[in-house]
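Descriptive structure summary
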Amino acid sequence: MKVIVLGAGIAGVCTAWYLLEAGHDVTVIDRADAAAMETSFANAGQLSYGYTTPWAAPGIPKKAAKWLLRQHSPLIFKPDGSLFQLQWLWQMLGNCNSGRYHQNKERMVRVSEYSREMFRRFQAEHALDFEGRNKGTLQIFRTEKEVRAAEGDIEVLQAYGVPYQRLQPEACLQYEPALKKALHKIAGALYLSNDSTGDCHLFARKLAQMCMEKGAEFKY
C-alpha cells in the first residue's frame, strides 16, 4: 500500500518507520526543510512513561483561566466560535472530574507501557545513539495538596506494575542535586525509575535517515 505521512516530526518519522517495517511504500511530507525542525526540535526529550497524565483533570479549568492571563502562558487558546471548538471544549470540561480522570489515566498508562516495551525492542535491535540516559525522572510536588492528589495516580501505577518511589524533599537530592536550594519549595516527589531522557531532535533525524535507507521518500 502507498501511504503518505504528513509531518516529519517524531510522531511522523516513527509512523513512517513502522509502516516501512510492515511493507508499505511510504512518502513523508513536511513544510520545513528537514525532519524534526518544529515541535520535535526543542522537545523536552523525556520518555516519561510513568508520568503519562491526561490534560483533562480536576482543577484544570481554573488553572487554565489563570494561565491565559500570564504574559508567558504555558497554554495558548484562540477562540474561533466554531461548533467544532465549542464541542471540544464541552467534552474537555466533561472529562475534568475525578472519575473520568482516573479512567483516562488508566487507559493512557496501558498505552504508555506498550510504548515503552516497543521502544525497548527497537533499541535492542538498532541501538540508535540519541544521547539517551536511563536514569528515571522526578515528578515534584510543591504542596501537600499535590502530594495527596497523587495518591490516585499511584494506585494506577501499582495496578499496572509501573515501578516508583515516594520521596521526601531531602531524598530528591540523590537524583537531582541541583534542587538543594529549592528544597523549601518541595513537599514531596515521585521517582519513576523506568523513565528516561534523550535528544528528541537527534533521534528523529537519525530515524528519518534510516527510513530513507529503507526506501521512504521525504519531501520538504
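These numbers were taken from a predicted model, which means no experiment stands behind them. (Residues numbered from 1 in each chain as written. Predicted model: local features only at pLDDT ≥ 70, side-chain atom pairs only at ≥ 80, totals over all residues. Heavy atoms only, no water.)

Moving on: the sheet that holds strand 6 (residues 188-192). Here three strands make up an open sheet; going across it, the order is 4-6-5 and the pairing antiparallel. The open sheet is flanked by strand 4 (137-141) and strand 5 (165-167), the only strands paired with a single partner. Strand-to-strand twist in this sheet, taken as the mean axis angle between neighbours without regard to direction, amounts to 25°. Across five bridges, the pairing between strand 4 and strand 6 is antiparallel. Paired with Phe141 across the bridge in strand 6 is Gly188. (Pairing = 2+ DSSP bridges. Helix = DSSP H or I, 4+ residues; strand = E, 2+ residues; numbered from the N terminus. Axes fitted to C-alpha atoms, helices over the stretch in contact; angles between N-to-C directions.)

The next point concerns the pattern of salt bridges. Side-chain pairing between opposite charges can occur once the charged atoms of the two side chains come close. If you walk through the whole model with that rule in mind, you get seven salt bridges. Close ionic contact of Arg116 with Glu113 constitutes a salt bridge, the shortest N to O distance being 3.2 Å. Pair noted here: Arg116 and Glu113 are both in helix 4 (residues 98-126), with a separation of three residues, about one helical turn. Classification of Arg116 as partly exposed rests on a relative accessible area of 23%. For Glu113, a relative accessible area of 14% corresponds to the buried category. (Salt bridge = Lys/Arg side-chain N within 4 Å of Asp/Glu carboxyl O. Buried < 20%, exposed > 50% of the residue type's maximum accessible area, 1.4 Å probe, protein only.)

This part covers the sheet that holds strand 1 (residues 2-6). The strand order 1-2-8 describes an open sheet built from three strands, whose pairing is parallel. Each having just a single partner strand, strand 1 and strand 8 (217-219) make up the two edges of the open sheet. With strand direction ignored, the average angle separating the axes of adjacent strands in the sheet is 20°. On the sheet, helix 1 (residues 10-21) packs against strand 1, strand 2 (25-29) and strand 8 and is oriented at approximately 165° with respect to strand 1. (Contact = heavy atoms within 4.5 Å.)

This part takes up the packing of helix 4 against helix 6 (residues 200-213). The contact between helix 4 and helix 6 brings their axes to 14 Å, and the two run at 65°. Handedness of the helix 4/helix 6 crossing: left-handed. Contacts from Phe119, Phe122 and His126 of helix 4 reach helix 6 at Phe203, Leu207 and Met210. In terms of residue class, the contact of helix 4 with helix 6 is built from five nonpolar, one polar and no charged. (Left-handed = near helix turned anticlockwise from the far one by under 90°. Nonpolar A, V, L, I, M, F, W, Y, C, P; charged D, E, K, R; others polar.)

Here we take up the packing of helix 4 against helix 5 (residues 144-159). Geometrically, a packed helix pair is captured by the angle between its two axes and the distance between the axes. Contact pair helix 4 / helix 5: the axes reach a minimum separation of 10 Å and the direction vectors enclose 35°. The chirality of how helix 4 crosses helix 5 is right-handed. Together, Tyr101, His102, Lys105, Glu106 and Val109 of helix 4 and Gly152, Asp153 and Val156 of helix 5 make up the contact between the two elements. For the contact of helix 4 with helix 5, the class distribution of residues is three nonpolar, two polar and three charged.

Next up on the list: the pairing of strand 6. Across a regular strand the side chains alternate sides, sitting on one face of the sheet and then on the other. Among the five residues that make up strand 6, five are buried, leaving the element largely enclosed by the rest of the structure. With three bridges joining them, strand 5 and strand 6 adopt antiparallel strand pairing. From the neighbouring strand, Arg166 faces strand 6, where its bridge partner is Leu190.

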